[in-house]
Amino acid sequence: MMDGIYQHFREEEYAFIDKILGITMRVENEYTPQLTDFLDPRQRYITETVIGGYDQIKVQFFGGVAHAERRRALIYPDYYTPTEADFEIALFHIRYPVKFTTLTHQKILGTLMSLGMKRDIFGDILNNGSEWQLLVESTMKDYLTLQLEKIGKVNVMLEETDLSEATFTPTVWEESGLTVSSMRLDVIISNAHHISRQKAKQLVVAGLVKVNWKTVENPDFECEQEDVLSVRGYGRVKIIQTGGRTKKDKIRIEIGYLK
């Protein structure tokens, strides 16, 4: 079963599959739960597929808030009952001079990355008007509190708070059905955003398109279910489901537009 799992996924995802298989085998051998970093929706889909091949092992996801886009996975033996504390997630309020400046998702993320921290150790960045919050793996919270003093030129202070204090702005996807000639990246973008295939191709080649938060510059990249496509200037879409084919051999897909 496990050898066959690779054929369902992309070659560049094999390393991630190996990682999840390694964790799962550890759970099987040591009979104790194991925790991953924060995963995006596509990585969670892969994780569920891998765990589905094991009878005595389960997986649960949690990102600190309900419906978080990025969540940690707890892979555990079936005797175990997970709790919220098992996911080891800390929530910080970002305190800054609200009256004199504004923060953005991009500025916050850019600053975190410049501290040499991997994207995987952060969850969602939450925003409610001028209030910004940050979810992070608990093991990194001391380092982060010491290192993060400025975002851009703005002085900031991190204040840890309980997860129940999270400001919640849910990600709402407006669903729509499409039929496409193929699952190529340029075809999906062209259909989803109602632009020409040529224009879609140019956007991809120019490095303005991300699939699952990674820049993809190859127009014939094959998209899959649970992929999140972000096109600069056009917003984000998610491939919610791929269905059957029409009489004209087109593929039916269900996509979500980020509202």
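Refer to the preceding data block for the structure.
Please read all numbers here as calculations on a predicted model, not as lab measurements.

Draft legend 1. Region of the structure containing the packing of aromatic side chains. Scanning the entire structure with this criterion turns up six aromatic pairs. For the ring pair Phe9 and Tyr45, a centre distance of 6.3 Å and an interplane angle of 75° mean the geometry is edge-to-face. Note that Phe9 is positioned in the segment before helix 1 (14-30) and Tyr45 in helix 2 (residues 41-51), a separation of 36 residues in sequence. On the accessibility criterion, Phe9 (7% relative accessible area) is buried. On the basis of relative accessibility, which here comes to 28%, the residue Tyr45 falls in the partly exposed class. Ring geometry for Phe62 versus Phe87: centroids 5.5 Å apart, planes at 65°, classification edge-to-face. Within this pair, whereas Phe62 is found in strand 2 (residues 57-62), its partner Phe87 is found in the loop between strand 3 (71-77) and strand 4 (89-95), the two being separated by 25 residues in sequence. Grouping residues by exposure puts Phe62 and Phe87 together as buried. By way of ring pairs, the aromatic residues Tyr31, Tyr76, Tyr79 and Tyr80 are connected into one cluster.

Draft legend 2. Inspection of unusual backbone geometry at higher detail. The phi angle at Asn212 is positive, at roughly 50°, despite the residue not being glycine. Along the chain, Asn212 turns up in the loop between strand 11 (209-211) and strand 12 (214-215). Positive phi is not limited to glycine here, since Trp213 has a value of about 70°. Tracing the backbone shows Trp213 in the loop between strand 11 and strand 12. Residue class for Trp213 comes out partly exposed when judged on its relative accessible area of 29%.

Draft legend 3. Representation of the sheet that holds strand 3 in the model. An order of 1-3-2 is seen for the three strands of this open sheet, with the pairing classed as antiparallel. A strand with exactly one partner marks an edge of an open sheet, and here the two such strands are strand 1 (34-39) and strand 2. On average, each strand axis in the sheet is inclined to that of its neighbour by 20°, with strand direction left out of account. Taken together, the four bridges between strand 1 and strand 3 define a ladder with antiparallel strand orientation. Across the sheet, residue Leu39 finds its bridge partner in strand 3, namely Arg71. Strand contacts of helix 1: strand 1, strand 2 and strand 3, with the helix running at about 155° to strand 1, the strand carrying the most contacts.

Draft legend 4. How the structure looks around the packing of helix 5 (residues 185-193) against helix 6 (residues 197-205). Closest axis-to-axis distance for the helix 5/helix 6 pair is 8 Å, and the angle between their directions is 120°. By the angle between their directions, the pair helix 5 and helix 6 is classed as oblique. The handedness of the crossing between helix 5 and helix 6 is right-handed. On helix 6, the residues that touch Leu185, Asp186, Val187, Ile189 and Ser190 of helix 5 are Arg197, Ala200, Lys201 and Val204. Of the residues that constitute the contact of helix 5 with helix 6, the class distribution is five nonpolar, one polar and three charged.

Here is what the cut-offs are and how they apply
- Residues numbered from 1 in each chain as written.
- Predicted model: local features only at pLDDT ≥ 70, side-chain atom pairs only at ≥ 80, totals over all residues.
- Heavy atoms only, no water.
- Phe/Tyr/Trp six-rings, centres within 6.5 Å; stacked < 30°, edge-to-face > 60°.
- Helix = DSSP H or I, 4+ residues; strand = E, 2+ residues; numbered from the N terminus.
- Buried < 20%, exposed > 50% of the residue type's maximum accessible area, 1.4 Å probe, protein only.
- Pairing = 2+ DSSP bridges.
- Axes fitted to C-alpha atoms, helices over the stretch in contact; angles between N-to-C directions.
- Contact = heavy atoms within 4.5 Å.
- Parallel < 35°, antiparallel > 145°, perpendicular 65-115°, else oblique.
- Left-handed = near helix turned anticlockwise from the far one by under 90°.
- Nonpolar A, V, L, I, M, F, W, Y, C, P; charged D, E, K, R; others polar.

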